[in-house]
Amino acid sequence: MGTEHSKNEGRRSMVFLRKGPKLPAWEEALLSGKEPKSLLKRGLRYVSLSLIMKGMTSTPDFLWGLPEVQKLNLSGNQLMVIPPSLGKLDRLVVLNLGGNCLKCLPKEIGLLRNLKVLFANMNCLTEVPAELSLCRKLEVLSLSHNCISQLPLSFTDLMSLKKLNLSNNHFVQIPLCIFALRSLDFLHLGSNRLENIAESVQYLVNLQIFIIENNNIRTLPRSLCFITTLELLNVDYNAIQTLPDDLYLLRQLPRIAWNPMDKGLHIAHNPLSRPLPEVIEGGLDVLFSYLREKKEHN
């Protein structure tokens, strides 16, 4: 009788397990007897591991025992914390933490001395650790869609940084450390709370794409006109009334642009004083001629 009762209980337990929620893919891989290293993909350039959209609320412990991984994608989960163990993955070249719930990054991120690309966009970050500046090889950094209002001064050490996305944050001014990043060719500060652009912007001598749309900027500094490498300047949706007379020096701008993807000067949705709206309708050449003549008569 007791034996029969035990068998029935066992059957009911097995039925319950079969009907339970499906385990995340990475957990299934472990439970099926596979080695964690079997999750690694060995491509032509990088040893990579992708754990995209697994519903993870915490990072699996096995991850920190895979020091050979060079490209790690943890995006689209519900991670609230990245533990200090991240520093063990010191061969990382690409790290994607986008689309999580992170409020901070561990200071051990500074141990990733080979890191070239970091995506930490679409999180809940309010600050950036100063230790990130120890990643001297960093070339691409996206911190967009967070709650950041300032950067550490140590960011001046990121001299290899080429692309920086700080859009959709809480900046009221462009952090001074950015003007020291002479290798920058892409800078996105759209959808912040900027009211001006410092004259120091002229030190970004390699900048090709500068996006500052949807802010509260009222004037463009004359020094902006000396960044003659600019191919795209987007100042849409600001409070700009006049344009600097030397804007015609930006000869790499190909056109007045209306499509967000096009290179050129984006100047729509600003309260431009007359006759600028009519002049702009004639195209970039007409605008540049007008500004050049205006300067000569002043």
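By the naming in an unreviewed UniProt entry, the protein goes by LRC30 protein and is assigned to Nyctibius grandis.

Peer 1: How should helix α4 (residues 284–297) be read in this particular structure?
Peer 2: At 3.6 residues per turn, the α-helix brings residues three or four places apart onto the same side. Under the 1.5 Å per step criterion, the end-to-end length of α4 is 20 Å for 14 residues, consistent within 8% with the ideal 20 Å. If you follow the buried residues of α4, they end up packed against β11 (264–266) and α3 (276–281).

Peer 1: Looking at this structure, how should I read the nonpolar core?
Peer 2: One broad rule of soluble globular proteins: the nonpolar side chains tend to lie buried together. Leu151, Phe210 and Leu287 are the most contacted members of the largest nonpolar core, which has 81 residues in total. Elements supplying a minimum of two residues to this core: β2 (47–50), α3 and α4. With four residues, the single largest contributor to this core is α4. Among residues more than four places away in sequence, those in contact with Phe210 are Ile174, Leu187, Leu189, Ile197, Val201, Leu224, Leu230, Leu232, Leu233 and Asn234.

Peer 1: Sorry if this is basic, but what is going on with the pairing of β2 here?
Peer 2: When a strand is regular, its side chains alternate between the sheet's two faces. Taken together, the two bridges between strand β1 (residues 41–42) and β2 define a ladder with antiparallel strand orientation. Residue pairing for β2: Arg42 is matched across the bridge by Val47. Linkage of β1 to β2, two consecutive antiparallel strands, is achieved through a turn of four residues. In this structure, β2 lies alongside strand β3 (residues 71–73), joined through three bridges in parallel fashion. Each residue of the ladder has a partner; that of Ser50, found in β3, is Asn73.

Peer 1: I would appreciate a short explanation of the pattern of salt bridges in the present structure.
Peer 2: Oppositely charged side chains may form a pair once their charged atoms are brought near each other. The full count for this structure, using the stated rule, is eight salt bridges. Note that Arg136 is salt-bridged to Asp157, the shortest N-O span being 3.7 Å. You can see Arg136 sitting in the loop between β5 (117–119) and β6 (140–142) and its partner Asp157 sitting in the loop between β6 and β7 (163–165), a full 21 residues away along the chain. By relative accessible area, which is 43% here, Arg136 ends up partly exposed. The shortest N-O distance in the salt bridge between Arg222 and Asp246 comes to 2.5 Å. One end of the pair, Arg222, is in the loop between β9 (209–211) and β10 (232–234); the other, Asp246, is in the loop between β10 and β11, with 24 residues separating them in the sequence. Judged by relative accessible area, Asp246 falls into the buried class, the value being 4%. In this structure, a network of salt bridges that share partners links the residues Arg222, Asp246 and Lys295.

Peer 1: When you look at the environment of Gly76 in this model, what are you seeing that I'm missing?
Peer 2: Looking at where Gly76 falls in the secondary structure, it is placed in the loop between β3 and β4 (94–96). Residues Gly76 and Gly99 lie 23 residues apart in sequence; the distance between their C-alpha atoms is 4.6 Å. Beyond its immediate stretch of four places on either side in the chain, Gly76 contacts Met53, Gly98, Gly99 and Asn100.

Peer 1: I would appreciate a short explanation of the confidence of the model for the protein in the present structure.
Peer 2: As a note on interpretation, predicted positions should not be read in detail where pLDDT is low. Residues of the protein with pLDDT of at least 70 account for 89%, and the chain-wide mean is 91. Low confidence marks residues 6–20, where pLDDT is under 50. Its contacts with residues over four positions away, or in another chain, come to zero contacts.

Peer 1: Which parts of the structure should I look at to understand the side chain of Asn169?
Peer 2: Tracing the chain through its elements places Asn169 in the loop between β7 and β8 (186–188). Looking at Asn169, its side chain comes within polar contact range of the main-chain nitrogen of Ile148, at 3.0 Å. Among the polar contacts listed, one links the side chain of Asn169 to the backbone oxygen of Ser167, at a separation of 3.2 Å. Apart from the residues within four sequence positions on either side, Asn169 is in contact with Leu143, Ser144, His145, Asn146, Cys147, Ile148, Ser191 and Asn192.

Peer 1: When you look at unusual backbone geometry in this model, what are you seeing that I'm missing?
Peer 2: Where the residue is not glycine, phi is negative for most of them; where a peptide bond is considered, it is trans in most cases. Of note, the bond from Arg274 into Pro275 is cis; its omega dihedral lies within 30 degrees of zero at 10 degrees. Residue position: Pro275 is located in the loop between β11 and α3. Phi angles above zero are rare outside glycine, and Met53 is one such case at about 50 degrees. Summarising the element assignment, Met53 is placed in the loop between β2 and β3. Residue classification places Met53 among the exposed residues on the basis of a relative accessible area of 66%. Positioned with a positive phi, Tyr237 is a non-glycine residue whose angle comes to about 55 degrees. Relative accessible area serves as the criterion here: at 45%, Tyr237 is assigned to the partly exposed category.

Peer 1: Would you mind going over the packing of aromatic side chains with me for this structure?
Peer 2: Within a pair of aromatic rings, the relevant descriptors are the distance that separates the centres and the angle that separates the planes. Applying the stated criterion to the full structure yields zero aromatic pairs. We note Arg292 situated over the ring of Tyr248; from NZ or CZ to the ring centre the distance is 4.8 Å.

About the thresholds
- Throughout, a residue's number is its position along its own chain's written sequence, starting from 1.
- Local features in this predicted model are restricted to residues of pLDDT 70 or higher, and side-chain atom pairs are both shown and tallied only at a pLDDT of 80 or more, whereas totals for entire chains, interfaces and linings draw on every residue.
- With hydrogens and water set aside, each side-chain value is computed from the structure's full complement of heavy atoms.
- Helix numbers and strand numbers start at the N terminus; a helix is a DSSP run of H or I with at least 4 residues, a strand a run of E with at least 2.
- Expected helix span is taken as 1.5 Å per residue step, with the number of steps being one fewer than the number of residues.
- Contacts were defined at the residue level, with two residues in contact if any of their heavy atoms lie within 4.5 Å.
- Throughout, nonpolar core names a set of buried Ala, Val, Leu, Ile, Met, Phe, Trp, Tyr and Cys residues whose side chains join them through atoms within 4.5 Å.
- Exposure categories follow from relative accessible area, calculated using a 1.4 Å probe and restricted to protein chains: below 20% of the type maximum is buried, above 50% is exposed, and the middle band is partly exposed.
- By the convention used here, strands pair only if DSSP detects at least 2 bridges between them.
- A carboxyl oxygen of Asp or Glu within 4 Å of a side-chain nitrogen of Lys or Arg is what we treat as a salt bridge.
- pLDDT runs from 0 to 100 and stands for how confident the predictor is about each residue.
- Two N or O atoms form a polar contact when they lie within 3.5 Å of each other; inside protein one atom must be a possible hydrogen donor and the other a possible acceptor, and for residues adjacent in sequence the pair counts only when both atoms belong to side chains.
- Between the rings of Phe, Tyr and Trp (Trp by its six-membered ring), a pair exists once the centres lie within 6.5 Å; its type follows the angle of the planes, with under 30 degrees stacked, over 60 edge-to-face, and the other angles tilted.
- Two conditions define a charge sitting above a ring: the NZ of Lys or the CZ of Arg must be within 6 Å of the ring centre, and it must be within 35 degrees of the ring normal.

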